[in-house]
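Topology and contacts: notes
What follows is the residue order along each chain.
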Amino acid sequence: MWLHLWHLAGVLYLLAGVGAEDPYRFFTWNVTYGDIYPLGVRQQGILINGQFPGPDIYSVTNENLIINIYNSLPEPFLLSWNGVQQRRNSYQDGVFGTTCPIPPGKNFTYHLQVKDQIGSFYYFPSLAFHKAAGGFGGIRILSRPLIPVPFPEPAADYTLLIGDWYKADHAKLKAILDRGHRLPFPDGILVNGRGPNAAYFTVEPGKTYRLRISNVGLQNSLNFRIQGHEMKLVEVEGVHTVQTMLSSLDIHVGQSYSVLVTADQSPQNYYIAVSSRFTSRVLNTTAILHYSNSAKPASGLPPAAPTTVDWSLNQARSIRTNLTASGPRPNPQGSYHYGLINVTRTIRLANSAAPVNGKQRYGVNSVSFIPADTPLKLADYFKIEGVFRVGSIPDSPTGAKMHLDTSVMGADYRAFVEVVFENKENIIQSWHLDGYSFFVVGMDGGRWSPASRKQYNLIDTVSRSTTQVYPKSWTAVYIALDNVGMWNLRSEFWARQYLGQQFYLRVYTTSQSVRDEYPLPNNALLCGRAEGRTP
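Residues numbered from 1 in each chain as written. Predicted model: local features only at pLDDT ≥ 70, side-chain atom pairs only at ≥ 80, totals over all residues. Heavy atoms only, no water.

What follows concerns the pattern of salt bridges. Here the structure, examined in full by the defined rule, presents 24 salt bridges. Its salt-bridge partner being Lys 174, residue Asp 178 comes within 2.9 Å of it at the nearest N-O pair. With Asp 178 and Lys 174 both in helix 2 (residues 170-178) and four residues apart, the pair spans about one turn of that helix. If you follow the salt bridges from partner to partner, you end up with Asp 56, Arg 140, Asp 157 and Arg 212 in one network. (Salt bridge = Lys/Arg side-chain N within 4 Å of Asp/Glu carboxyl O. Helix = DSSP H or I, 4+ residues; strand = E, 2+ residues; numbered from the N terminus.)

As structure tokens, then:
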């Protein structure tokens, strides 16, 4: 039966326009609740095939991923793919603005293609504050065999999912937010779903290992370091970087990095230390780097983390693209000269927090997003009026009082835009755009102005899908809008996202060609006002 389902899924995806020359990988996942004890107390966690965190996805550039998900939870469920771009296919994005939830007791098959991508990413549940219960896992997209990678193949490749965590079940946290209150401070930090000293990573003396580190937490930036070892930064969300030696690395919520670590110290165990950044109270945890030829425990104190914003800002500015390395294709990554393209539009986005109707809300340009009764992408496809209005969020901050709306910003296909994230608050922010990578051209303290463009990096900045904005600071990015669809732009501070700090970017063309956008999948779930319609 599974072989029949897999064959059917492959046929359906071929009909959606994917070439037969690209290989397929098949996954069947069952999503359940189960008992977990990450911080020593019993909690209700989300398991995938009985695992917390969920299984890694291994793939190679351009492969088609057929992921059949059975929802055994008593409520609707969706998975989203953080950083995987869904070329021409926002129907598979796995957020409620584009995809109907999988009903309890039902299944849905995602058809993804990791088109022209390499690197380190992760998946996570996007509905109902499920992210606070687990359901996340790593995604690694390897280069095709003939494409050179700018470092020797490591002895092993480890996924490290780090993030802040609460002892309370996600349903209790959701109820706090639904009542219009802020969440308390998190209780701890997990490494691969485990608390202090519970996650082990075994290495052999003299060998080099790749660590793919993703911050899958709910709100806090984290600093990562390894006792007695330096790390060589080699990749950021699909871009090979200039290889830089680091003693510690700030990883903001939603971000992913790859580092190389060589086991070149005396055989024993060493602390892997992770600490919260920019918080009034610092959370700390440790995992263990274990040398295979030693039973000697870790000793001494874990290495200390940096403490200043300037340190983090300077590190972020120092991360550069390796212009001599190949990306997913056999051409230098620097051949796309983003700094020579004329910007056709500037969008300024300011985050804010305020009560609306007596409840805590968060917004962008004074608009706090509320979900519609129908996924926006389906409403767009079926031309259902009254679900959303293009232009319901302005291009710039207005200073107006925050209000609720299903905010959608329109954008032209193939436009080249500048987006400035403005953060007037005392907290750090992290922003993510589904369906895209963008060039992080500048960041600094204070207020952005057109004169700020003089300090942009227009030569070798990194392209990524998630960027941080420091307290009372700004970050500017360039985006080539080459991916038609309805794409979620959101705060990665998950309580803020849940309470409205997000909107959808509708990248539109009048073309109906599959070269620009795939049609509605034959297996698409239809809900809300789209229910019962014929695809």
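Following the criterion strictly, the structure yields one disulfide and no others. Cys 100 shares a disulfide with Cys 527; S-S distance 2.1 Å. Between Cys 100 and Cys 527 the sulfur-sulfur dihedral comes to about -90 degrees; the bridge is accordingly left-handed. Note that Cys 100 is positioned in the loop between strand 5 (79-82) and strand 6 (107-113) and Cys 527 in the segment after strand 33 (502-508), a separation of 427 residues in sequence. The exposure class assigned to Cys 527 is buried, which follows from its relative accessible area of 17%. (Disulfide = S-S within 2.5 Å. Buried < 20%, exposed > 50% of the residue type's maximum accessible area, 1.4 Å probe, protein only.)

Let's shift gears to unusual backbone geometry. Negative phi values dominate among residues other than glycine, just as trans dominates among peptide bonds. Geometrically, the link from Phe 52 to Pro 53 is a cis peptide bond, its omega value of -10 degrees lying close to zero. Summarising the element assignment, Pro 53 is placed in the loop between strand 2 (43-48) and strand 3 (57-60). Positive phi is not limited to glycine here, since Lys 472 has a value of about 50 degrees. Among the structural elements, Lys 472 can be located in the loop between strand 30 (466-469) and strand 31 (473-480).

Inspection of the secondary structure puts Thr 510 in the segment after strand 33. By relative accessible area, Thr 510 is classed as exposed at 64%. When the C-alpha atoms of Thr 510 and Ala 155 are compared, they prove to be 49 Å apart, with 355 residues separating the residues in sequence.

Right, let's talk about the sheet that holds strand 7 (residues 119-125) for a bit. Strands sit in the order 3-8-7-5 across an open sheet of four strands; the sheet is mixed. Where the open sheet ends on each side, the last strands, each with one partner, are strand 3 and strand 5. Each neighbouring strand pair of the sheet contributes to a mean axis angle of 25 degrees, computed without reference to strand direction. In this sheet, strand 8 (residues 137-142) lies alongside strand 3 in parallel orientation, the contact comprising four bridges. (Pairing = 2+ DSSP bridges. Axes fitted to C-alpha atoms, helices over the stretch in contact; angles between N-to-C directions.)

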